[in-house]
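Fold and geometry: a report
These are the residues of each chain, in order.
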Amino acid sequence: MNFDQKYTRNFSIIAHIDHGKSTLADRILELTGAVSTREMKDQILDSMDLERERGITIKLNAVTLSYTSDDGNTYIFNLIDTPGHVDFTYEVSRSLAACEGAVLVVDATQGVEAQTLANVYLAIDNDLAILPVINKIDLPSAMPEWAKEEIEKRIGISSEEAVEVSAKTGFHIHELLEAIVKEIPAPNGDENAPLKALIFDSYYDSYRGVVILIRIKEGSVKIGDHIKLMQSNKDYVVTELGIRSPDEIKLKELKCGQVGYLCAQIKDIRDVRPGDTVTSFDNPASKALPGYRDINPMVFCGLYPVDSDDYQDLKDALEKLSLNDASLQFVPETSQALGFGFRCGFLGLLHMDVIQERLEREYNIDLILTAPSVIYHVYLTNGEMMPIDNPSKLPDSSKINRIEEPYVKANIMTPKEYVGPIMELCQEKRGIYLDLQYFDDTRMILVYELPLSEIVYNFFDKLKSCTKGYASFDYEPSIYRPSDLIKMDVLLNGQVVDALSSIVYRPQAYNRGLGIIHRIKTVIPRQQFEIPIQAAIGGKIIARVDVKAVRKDVLAKCYGGDISRKKKLLEKQKEGKKRMKKVGSVEVPQEAFMSILSIDEEEN
Amino acid sequence: MRTKTNLPSALYIHIPFCESICDYCDFTKLQYFHSFAVKYLVALKKELIERVTNKELRTIYIGGGTPTSLDDLQFEALLKMVEPYSKHVEEYTVEANPESLSLSKIKLLKKYGVNRVSIGVESTNDQILKSINRKHTFSDVKNVVKNLRDNGINNINLDLIIGLPNVSFKMLEEDIRNILSLKPNHISCYSLTVHEHTVFYINKISEPDEEFAYQAYKVINELLEKNGYSHYEVSNWAISGQESKHNLVYWNNERYYGVGLGASGYIDNIRYKNSTNFNEYVSFKNEIEEEIVTLKDEKDYELMLKLRTKFGLNLVEYKNKFGVDLYKSHTQVIDDYVTKGYLIHKEDYLIPTFEGMMILDKIYLDLQ
């Protein structure tokens, strides 16, 4: 492949979840001949099973395509896919920094959503050219003109050039490719300057070491070159270079403007920080690229193997996963109830969910997760600040001067008729009202500061139910604020179970406690004896329910045909039992630990 | 490879017809029509001859549906086709509804060597019977029992359902007293289960709650034990020595033939279930569902089934058969159940008490 910056286009696709980003990417791949239709799995770029099943993109992904335009020239397209979920905003900004343009996909039936808006602004901040695309115009309910108006009014960019496509049927994909050639600028870095390449992702490969995905901003790099990572200040010799189309094609050299991968026998992925700049060791660039902000996990939970023999396996699995996921953090911890495990940090609840599923599926480890917590800043009477990510570690209240908790700034977009219920919800969730604006004549944007713990708790579900699913929302970390917080313990059969402790807002403690124990009651299997479940604050019981003893649990009729059927039923129960943890004399299923999360006070 | 097991010495035959369909029944059954029954008996005979290779059977059980819904000619044809298998039989049971067990059919039973009859009494309250679409009264039951005895069939089982809608505790005790007055050899009491595709399910009738069912079993057990019946299986009581030999085959995890529409069987290491599609069955297209029973499955079945009866699980036998010392691997669990009065650990046996029988599913799971 002859390479010339002039004939290169580097772009991302930005879209709200379900607006058809992955399908559109597949169509582009198909039309540029990257993959034959025969090899085509649905949604090529979402390579993890989990991504395909859930219809989400988790990791970013890059692919090089070639396209012969109507102008007779062959162009190299580098398509850098981005995740759509708020948990992975960080990954979006990483992809965008490697591009000159972004294709903005808007669903012709849905219009612009809050999450899209957030990502478009990220793109604009990165000085990218935005090419609007109206998707799903094959649907009878499509309103392309309305969607274009939305783009102009909401985002404030021209929609004149917007291409109307159907990713599903392939309609107008050719026109889209032509628009990419025309509207997205070619890279224009200095080919003769010292090497400057942006690391936008990396992963570990057991044969080649760390594989770095880079975008060459200036200069070029060849196999055998002595390179340096400017931020981590490590140097290596390049052993392999190439592009992914999406199969890897090895190259001797990557030139200015190109997107590709680089291997240099790098053993430790922690030395390769996304956002870092690769330069020449002998002829270094004077200044590194701006890079990315550091990401910090926002949500923490305890991860324990159901079978304590799996501890080492869990450790190995977490290590392997963290090789390709710098945002996953973990440190060993012990729980009286659950034994040895890890306290893990995640970007958000979806990230936590994804890691849990990957551990269970890919590494075959049955897990108990404790309810997620945020990091509290606990100021002690001696003036020290103690960060607490595990409620059971909260010091005695006599030693605490005050507790601060993290807040987020949340933008909630909603049809105007739901503004009332949302404000009520935010109030209930201890929100601080910041702003309310019309987005268009039917929709409004509400801005609130909310405790992250309330977001983690059940804000999402509540928001969905009070707006019939019409509201969308995103958030960014804001500041720590002091709150009236206390630790609530749960006792099973008279014993405190540390893994069930939570930090709660004092005025809501009673309702929360009642909710938690009622929920636990529904999931704890009955035993031969009655089991009291109690909620306690500072050693004082505030609420109690009992799990009744089992009296009759047997199939009355068991003759010829019932036998196999009965065994099948029991097999199912056995599977469920495997996932239970014995705490004292009580068997506790996974759901009990999550019950701290999903309760609904009004249910009681 | 596992060693070949003995041929089954028990046979179950399913007659799917009923004169009317009861509101709670989910067995494989259909409305009786003369022509259907003719076709059915042809297909049944074919399966019987092909399937049942052992003629030295110990027990035979003809159930349904309602075997007595057949007309007399068909009924005799049925008994005749079974005749070659019943030469050495120790226990030969036929299920019957009180309203269709005529004197002529009783004489046929006697003629062909049937020595046990199981009668679906369900309730002894005529109003309740009517409300669940049963066509008999309690006086029909009394007559049938008398007729059977007059004709020399003395081994009689009476079936009762616990927890039917609108049956109070008092009525239940009344039921038991009525049943006892007939001095049956064997009594079965089943707690109502509501299955999909039944009138009960459609009318959203709920199963008795756990506490009611437990108390009902407890009261029944006390009354029956006082009158000389022994609680030998979860839902079954008998005068000592008169336990159902055929049903014990199931609970002892032994092999049995099953013949007929939707019938189940266990031969070698296969548990199978015949097609439940009548048209297929009578056109000799019997699609059989098979479950291959591995040694581990057999072990699980053994545990699940043997703890159902007062004869219990022999731990030494279990160890020899499956190489697992259950007491050793579950000492704490077993001792705990023993201390709390759910199990008796006597010599080599693990035997459930009444309380234990009531929570067998839980015990089974805890012994995994």
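These numbers come from a predicted model, not from an experiment. (Residues numbered from 1 in each chain as written. Chains lettered and ligands numbered in written order. Predicted model: local features only at pLDDT ≥ 70, side-chain atom pairs only at ≥ 80, totals over all residues. Heavy atoms only, no water.)

Considerations on the overall build of chain A
Inclusion rule: The secondary structure listing takes helices from DSSP runs of H or I that are at least 4 residues long and strands from runs of E that are at least 2 residues long, numbered from the N terminus. Categorising residues by exposure relies on relative accessible area from a 1.4 Å probe, with only protein chains included: less than 20% of the type maximum marks a residue as buried, more than 50% marks it as exposed, and the intermediate range marks it as partly exposed. Residue contacts are counted whenever heavy atoms from the two residues lie within 4.5 Å of one another. Computed with a 1.4 Å probe, the accessible areas rest on the Shrake-Rupley method; for each residue, only the protein chains presented here act as cover.
Within chain A, the secondary structure is distributed over 13 helices and 33 strands. Across the 604 residues of chain A, 58% fall into the buried class. For chain A, contacts bridging at least 24 residues in sequence account for 69% of all contacts bridging at least 6. For chain A, the exposed surface amounts to about 25,600 Å²; the carbon and sulfur share of it is 48%.

Details of the confidence of the model for chain B
Basically, it comes down to this: The pLDDT value tells you how sure the predictor is about a given residue, anywhere from 0 up to 100.
Of the residues in chain B, 99% reach a pLDDT of 70 or more, and the chain-wide mean stands at 94. ipTM for the predicted complex: 0.88, alongside a pTM of 0.67.

Thoughts on the sheet that holds strand β15 (residues 313-314) of chain B
Residue and element names in this part refer to chain B. The condition that has to hold: Any two strands between which DSSP finds at least two bridges are classified as paired.
Spatial strand order, β15-β17-β16: three strands in an open sheet with antiparallel pairing. The open sheet has two edge strands, β15 and β16 (343-346), and neither has a second partner. Direction of pairing for β16 relative to strand β17 (residues 349-352): antiparallel, over a ladder of four bridges. Paired with Lys-346 across the bridge in β17 is Tyr-349.

A word on helix α12 (residues 560-578) of chain A
In an α-helix, one turn spans 3.6 residues, which is why side chains three or four residues apart end up on the same side. What counts, and what does not: By this rule the span expected of a helix is its residue count minus one, scaled by 1.5 Å.
The terminal C-alpha atoms of α12(A), which comprises 19 residues, lie 28 Å apart, in line with the 27 Å expected from a rise of 1.5 Å per residue. All of the buried residues in α12(A) are A:Gly560, A:Asp562, A:Ile563, A:Ser564, A:Lys566, A:Lys567, A:Leu570, A:Lys574 and A:Lys577.

Observations regarding the packing of aromatic side chains
Residue and element names in this part refer to chain A. Stated formally: When two rings of Phe, Tyr or Trp (its six-membered ring) have centres within 6.5 Å they constitute a pair, described as stacked for plane angles under 30 degrees, edge-to-face for angles over 60, and tilted for the intermediate range.
This model, assessed by the stated rule, comprises 30 aromatic pairs over all chains. Note on Phe-330 and Phe-342: the rings are 5.7 Å apart at their centroids and 80° apart in plane angle, and the pair reads as edge-to-face. Of this pair, Phe-330 sits in strand β18 (residues 329-335) while Phe-342 is found in strand β19 (residues 339-346), placing the two residues twelve residues apart along the sequence. A residue is classified by how much of its surface remains accessible, and Phe-330, at 21% relative accessible area, is partly exposed.

Looking at empty space enclosed by the protein
All names here are of chain A. Formally: Cavity and pocket criteria rest on a 1 Å grid covering protein atoms alone: a 1.4 Å probe that fits but cannot get out defines a cavity, protein on both sides within 12 Å along at least 5 of 7 lines defines an open pocket, and an atom within 4 Å of a point defines a lining residue. Grid points are joined across faces, edges and corners, and a volume is the space filled by probe spheres set on the points. The classification used treats Ala, Val, Leu, Ile, Met, Phe, Trp, Tyr, Cys and Pro as nonpolar, Asp, Glu, Lys and Arg as charged, and all other residues, Gly among them, as polar.
Applying the stated criterion to the full structure yields five cavities of 30 Å³ or more. Of the voids in this model, the largest cavity is the one considered here, and its volume is about 260 Å³. As for the largest cavity, its lining consists of 22 residues, of which Pro-372, Tyr-376, Ser-453, Ile-503 and Arg-512 are closest to the centre. Of all elements in the fold, only α10 (452-466), β29 (502-505), α11 (509-523) and α13 (590-598) reach the threshold of two or more residues within the lining of the largest cavity. Tallied by class, residues from the lining of the largest cavity come to 14 nonpolar, four polar and four charged.

Here's the deal with the nonpolar core
All names here are of chain B. For clarity, the threshold we go by: Residues grouped as a nonpolar core are buried Ala, Val, Leu, Ile, Met, Phe, Trp, Tyr and Cys residues, joined through side-chain atoms within 4.5 Å. A domain assignment, automatic or from a database, supplies the domain bounds used here.
Ranked by internal contacts, the top residues of the largest apolar core, which has 114 residues, are Leu-44, Ile-62, Leu-109 and Leu-148. Structurally, this core is a two-domain feature, drawing no fewer than three residues from each of domain 1 (10-251) and domain 2 (307-368). Those residues within four positions of Leu-109 in sequence are excluded, and the remaining contacts are Phe-75, Leu-79, Val-94, Leu-101, Val-114, Val-117, Leu-148 and Ile-153.

Concerning the pattern of salt bridges
Heads up, the condition is: Salt bridges are defined as contacts in which a side-chain nitrogen from Lys or Arg sits within 4 Å of a carboxyl oxygen from Asp or Glu.
Per the counting criterion, the structure on display carries 53 salt bridges over all chains. A salt bridge links A:Lys222 to A:Glu253; its shortest N-O distance comes to 3.9 Å. A residue pair is termed long-range when its members are at least 10 positions apart, and A:Lys222 in strand β9 (residues 221-222) and A:Glu253 in strand β14 (residues 253-254) qualify at 31 residues. On the accessibility criterion, A:Lys222 (41% relative accessible area) is partly exposed. A:Glu253 gets classed as partly exposed once you look at its relative accessible area, which sits at 25%. A salt bridge links B:Glu211 to A:Arg551; the shortest N-O distance between them is 3.2 Å. Of this pair, B:Glu211 sits in helix α8 (residues 210-226) while A:Arg551 is found in the loop between β31 (540-547) and α12, placing the two residues in two different chains. Within this structure, A:Lys567, A:Glu571, A:Lys574, B:Lys296, B:Asp297 and B:Asp300 form a network of salt bridges that share partners.

So, the side chain of B:Asp175
Residue and element names in this part refer to chain B. Stated precisely, the cut-off is as follows: Positive charges are assigned to Lys and Arg, negative charges to Asp and Glu, while His and the chain termini are left out of the count.
Note on placement: Asp-175 falls in helix α6 (residues 169-181). Here Asp-175 is buried and forms no salt bridge, its nearest opposite-charge partner Arg-177 lying at an N-O distance of 9.8 Å. Ignoring sequence-local partners within four residues, the contact set of Asp-175 consists of Ser-123, Thr-124, Asn-125 and Leu-160.

What about the pairing of strand β21 (residues 376-380) of chain A?
Residues and elements named next belong to chain A. When you tally the buried positions in β21, you get four out of five residues, the bulk of the element. In this sheet, strand β22 (residues 385-388) lies alongside β21 in antiparallel orientation, the contact comprising four bridges. By the bridge assignment, Tyr-379 is partnered in β22 with Met-385. Bridging between β21 and strand β23 (residues 400-415) involves four bridges; their strand directions are antiparallel. Counted as the bridge partner of Leu-380 is Ile-400 from β23.

Quick word on the packing of helix α1 (residues 34-51) of chain B against helix α2 (residues 72-82) of chain B
All names here are of chain B. The line we're drawing: Lines are fitted to the C-alpha atoms to define the axes, a helix being fitted only along its stretch in contact, and any angle between axes, read from their N-to-C directions, falls within 0 to 180 degrees. For this classification, under 35 degrees means roughly parallel, over 145 means roughly antiparallel, 65 to 115 means roughly perpendicular, and everything else is oblique.
Viewed as axis vectors pointing N to C, α1 and α2 meet at an angle of 0°, and their least axial separation amounts to 11 Å. In terms of axis orientation, α1 runs roughly parallel to α2. Of the residues in α2, those in contact with His-34, Ala-37, Val-38, Leu-41, Leu-44, Lys-45 and Leu-48 of α1 are Gln-74, Leu-78, Met-81 and Val-82. Here the residues of the contact of α1 with α2 are counted per class, giving eight nonpolar, two polar and one charged.

Focus on a negative patch on the surface
Rules: Each patch is built from residues that are more than 30% exposed by relative accessible area and take part in no salt bridge. Like charges join if they lie within 9 Å; nonpolar side chains (Val, Leu, Ile, Met, Phe, Trp, Tyr) join within 5 Å. For this purpose, a charge sits on NZ of Lys, CZ of Arg, CG of Asp or CD of Glu.
Judged by side-chain charge, A:Glu149, A:Glu152, A:Glu160, A:Glu161, A:Glu183 and A:Asp441 come together as a negatively charged surface patch. Positionally, A:Glu149 belongs in helix α5 (residues 144-155).

Examining helix α5 (residues 138-150) of chain B
Residues and elements named next belong to chain B. Test applied: Directions drawn from the helix axis to the C-beta atoms are what define this arc.
The end-to-end C-alpha distance of α5 is 19 Å, a good match for the 18 Å that 13 residues give at a rise of 1.5 Å each. Phe-138, Val-141, Val-144, Val-145 and Leu-148 are the residues of α5 that are buried. Down the axis of α5, the buried set is contained in an arc of 115°. They therefore lie on one face. More than 90 degrees from the buried face of α5, the exposed residues found are Lys-146 and Asp-150. Where α5 is buried, its residues meet α3 (103-111), β6 (116-122), α4 (126-131), β7 (155-162) and α6.

A word on the interface of chain B and chain A
The condition is simple: Buried area counts how much accessible surface, traced with a 1.4 Å probe, disappears from two parts once they are put together, with both parts' losses summed. Here a polar contact is taken to be a pair of N or O atoms separated by no more than 3.5 Å, where protein atoms must pair a possible hydrogen donor with a possible acceptor and residues adjacent in sequence count only if both atoms sit in side chains.
At the junction of the two partners, chain B supplies 42 residues and chain A supplies 28 residues. Carbon and sulfur atoms make up 55% of the surface buried where chain B meets chain A, a total of about 3,200 Å² over both sides. Put simply, chain B and chain A have six salt bridges between them. Of the charged contacts in the structure, one is a salt bridge between A:Lys574 and B:Asp300, with a shortest N-O distance of 3.0 Å. For the pair chain B and chain A, the number of links is 22 residue pairs in polar contact (both at pLDDT 80 or more). Secondary-structure elements contributing two or more residues to the side of chain B that touches chain A are β8 (186-191), α8, α9 (245-251), α11 (295-306), α14 (331-339), α15 (354-358) and α16 (360-366) of chain B. Among the residues making up the side of chain B that touches chain A, the classes are represented as 20 nonpolar, eight polar and 14 charged.

Here's the deal with unusual backbone geometry
For the bond running from B:Gly64 to B:Gly65, omega is 25°, close enough to zero to count as cis. Inspection of the secondary structure puts B:Gly65 in the loop between β4 (59-64) and α2. Even without being a glycine, A:Arg430 presents a positive backbone phi close to 65°. Non-glycine residue B:His197 carries a positive phi angle of around 60°. The residue B:His197 is located in the loop between β8 and α7 (199-202) in this model. Under the relative-accessibility criterion, B:His197 is labelled exposed at 72%.

What to know about the sheet that holds strand β13 (residues 248-251) of chain A
All names here are of chain A. The eight strands are arranged β11-β10-β16-β7-β8-β15-β12-β13 in an open sheet whose pairing can be described as antiparallel. Sheet topology places β11 (234-237) and β13 at the edges, where each strand pairs with a single neighbour. Neighbour-to-neighbour, the strand axes of this sheet turn through a mean angle of 40°, independent of strand direction. For strand β10 (residues 226-229) and β11, the ladder comprises four bridges, and the chain directions are antiparallel. Bridge pairing in β11 places Leu-229 opposite Lys-234.

Looking at the environment of A:Thr68
Residue and element names in this part refer to chain A. Assignment of secondary structure puts Thr-68 in strand β2 (residues 61-68). Residue classification places Thr-68 among the partly exposed positions, given a relative accessible area of 47%. In sequence terms Thr-68 and Val-181 are 113 residues apart; their C-alpha atoms lie 9.9 Å from each other. In this structure, Thr-68 is in contact with Asn-73 and Thr-74, ignoring residues within four places of it in sequence.

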